[in-house]
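The residues making up each chain are set out below.
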Amino acid sequence: MGWAGTGNGALLGLAAESGFDALLTVDRGFAHQQNLDDLPLPVVILLAASNRPDDLRPLVPKVTGVLSGTLQRRVYHVSGAVPGG
């Protein structure tokens, strides 16, 4: 797609214009770098120990659950932490 090196704000716009339904990222600072009131599409932030497949794989069921629902133009955080655990 030729988007390598594109900043987060521009990347969001390109993704929305290209028909993407959501943006998935491991950038923990993403929500602090963007105007969250003006997101062009939903953003899912994966909170894992690293961006290695072995660390991300356990999040797949939760990510699938988020993406299967009705998405709003907001930031969703997905982690492996068990609520109350």
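Structure report, in brief. On a predicted model such as this, the values are computed, not experimentally measured, just so you know. (Residues numbered from 1 in each chain as written. Predicted model: local features only at pLDDT ≥ 70, side-chain atom pairs only at ≥ 80, totals over all residues. Heavy atoms only, no water.)

## Description of the overall build of the protein chain
Line of reasoning, step 1. When its secondary structure is counted, the protein chain shows four helices and three strands.
Line of reasoning, step 2. Reading the protein chain from its N end, one meets helices and strands in the order α-β-α-β-α-α-β.
Line of reasoning, step 3. For 85 residues, the compact-globule estimate of 2.2 N^0.38 gives 12 Å, and the protein chain sits close to it at 13 Å.
Line of reasoning, step 4. Taking the principal axes of its C-alpha atoms as reference, the protein chain extends roughly 40 × 25 × 25 Å.
Line of reasoning, step 5. For the protein chain, buried positions account for 28% of its 85 residues.
Line of reasoning, step 6. Taking the intrachain contacts of the protein chain between residues at least 6 apart in sequence as the baseline, contacts between residues at least 24 apart amount to 42%.
Line of reasoning, step 7. Carbon and sulfur atoms make up 53% of the accessible area of the protein chain, which totals about 5500 Å².
Line of reasoning, step 8. In the protein chain, 6 side chains carry a positive charge and 7 a negative one; their mean positions are 10 Å apart. (Helix = DSSP H or I, 4+ residues; strand = E, 2+ residues; numbered from the N terminus. Rg over C-alpha atoms; globule rule 2.2 N^0.38 Å. Buried < 20%, exposed > 50% of the residue type's maximum accessible area, 1.4 Å probe, protein only. Contact = heavy atoms within 4.5 Å. Areas by Shrake-Rupley, 256 points an atom, 1.4 Å probe, with all protein chains shown as cover. Lys, Arg positive; Asp, Glu negative; His and termini not counted. Charge placed at Lys NZ, Arg CZ, Asp CG, Glu CD.)

## Remarks on the nonpolar core
One recurring pattern in soluble globular proteins: nonpolar side chains tend to sit buried together.
Line of reasoning, step 1. In this structure, Trp3, Leu11, Leu12, Ala15, Leu23, Phe30, Ala31, Leu39, Leu41, Val43, Ile45 and Val75 together form the largest nonpolar core, which totals twelve residues.
Line of reasoning, step 2. Elements with a contribution of two residues or more to this core: helix 1 (8-17), helix 2 (30-33) and strand 2 (43-47).
Line of reasoning, step 3. Ranked by residue count, the leading element in this core is helix 1, at three residues.
Line of reasoning, step 4. Of all hydrophobic cores here, the second largest spans eight residues; its members include Leu46, Ala48, Val63 and Tyr76. (Core = buried A, V, L, I, M, F, W, Y, C linked by side-chain atoms within 4.5 Å.)

Structural measurements only, silent on function.
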